[in-house]
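The residues making up each chain are set out below.
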Amino acid sequence: TIDQPAWDDPAYDWAACDACLVRSTWDYQERCDAFLAWATGAADVTTLLNPLEVIRWNTPRMRCATADPVGTSLRVGVGDTSREAVTEALRSLGEP
C-alpha cells in the first residue's frame, strides 16, 4: 500500500515502511530543526528515496544561498535524480 502521512505525524510508524519518498512538506521551512530531526530518524528506520544528505542540503537552515555578484540566490536543478547524479551535482557545488 501507499500511505501519505504528514512528516510530523507522531502516530505514524516509519519503521513499517519499505521506503519513504519525501514530497510536499509545506511547513518544513518554518520548523527546520524538527524536520531535520524527523528526516534523520526516518533514515535510521527506513530507506529514504530522497537521500538524507540532499534533504539536509536543501533545507534552508542548513544551506547558505549561493549568490552571484549582485546578490541573487541561485538554485541548481538536477535532471537525473539518481543517487550518483545528485551526489556528483552536490560535489560540483562544493557540498560534502
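Residues numbered from 1 in each chain as written. Predicted model: local features only at pLDDT ≥ 70, side-chain atom pairs only at ≥ 80, totals over all residues. Heavy atoms only, no water.

Q: Looking at this structure, how should I read the overall build of the chain?
A: Secondary structure summary: the chain contains three helices and four strands in total. Secondary structure elements of the chain, listed N to C terminal, follow the sequence β-α-β-α-β-β-α. Buried residues in the chain amount to 27% of all 96 residues. When the accessible surface of the chain is split by element, carbon and sulfur atoms take 52% of a total near 6,900 Å². (Helix = DSSP H or I, 4+ residues; strand = E, 2+ residues; numbered from the N terminus. Buried < 20%, exposed > 50% of the residue type's maximum accessible area, 1.4 Å probe, protein only. Areas by Shrake-Rupley, 256 points an atom, 1.4 Å probe, with all protein chains shown as cover.)

Q: How should I be thinking about the nonpolar core in this particular structure?
A: Taken as a class, soluble globular proteins show a tendency for nonpolar side chains to be buried jointly. In this structure, Trp14, Cys20, Val22, Phe35, Trp38, Leu48 and Ile55 are the most contacted members of the largest nonpolar core, which totals 15 residues. Broken down by element, this core gets its largest block of residues, five residues, from helix H1 (residues 32-45). Once residues within four sequence positions are removed from consideration, Ile55 is found in contact with Val22, Phe35, Leu36, Ala39, Leu48 and Asn50. (Core = buried A, V, L, I, M, F, W, Y, C linked by side-chain atoms within 4.5 Å. Contact = heavy atoms within 4.5 Å.)

Q: I'm lost on the packing of aromatic side chains in this one. Help?
A: Where two aromatic rings form a pair, the distance of their centres and the angle of their planes describe that pair. Evaluation of the coordinates by the stated rule reveals five aromatic pairs. Through a chain of ring-to-ring contacts, the aromatic side chains of Trp7, Tyr12, Trp14, Phe35 and Trp38 assemble into a single cluster. (Phe/Tyr/Trp six-rings, centres within 6.5 Å; stacked < 30°, edge-to-face > 60°.)

Q: Where do I start with the confidence of the model for the chain in this structure?
A: Note that predicted coordinates carrying low pLDDT should not be read in detail. Predicted confidence across the chain gives a mean pLDDT of 76, with 68% of residues reaching 70 or more. Note on residues 62-76: pLDDT under 50 across the span, and 12 contacts to partners over four residues away in sequence or across chains. (pLDDT = per-residue confidence, 0-100.)

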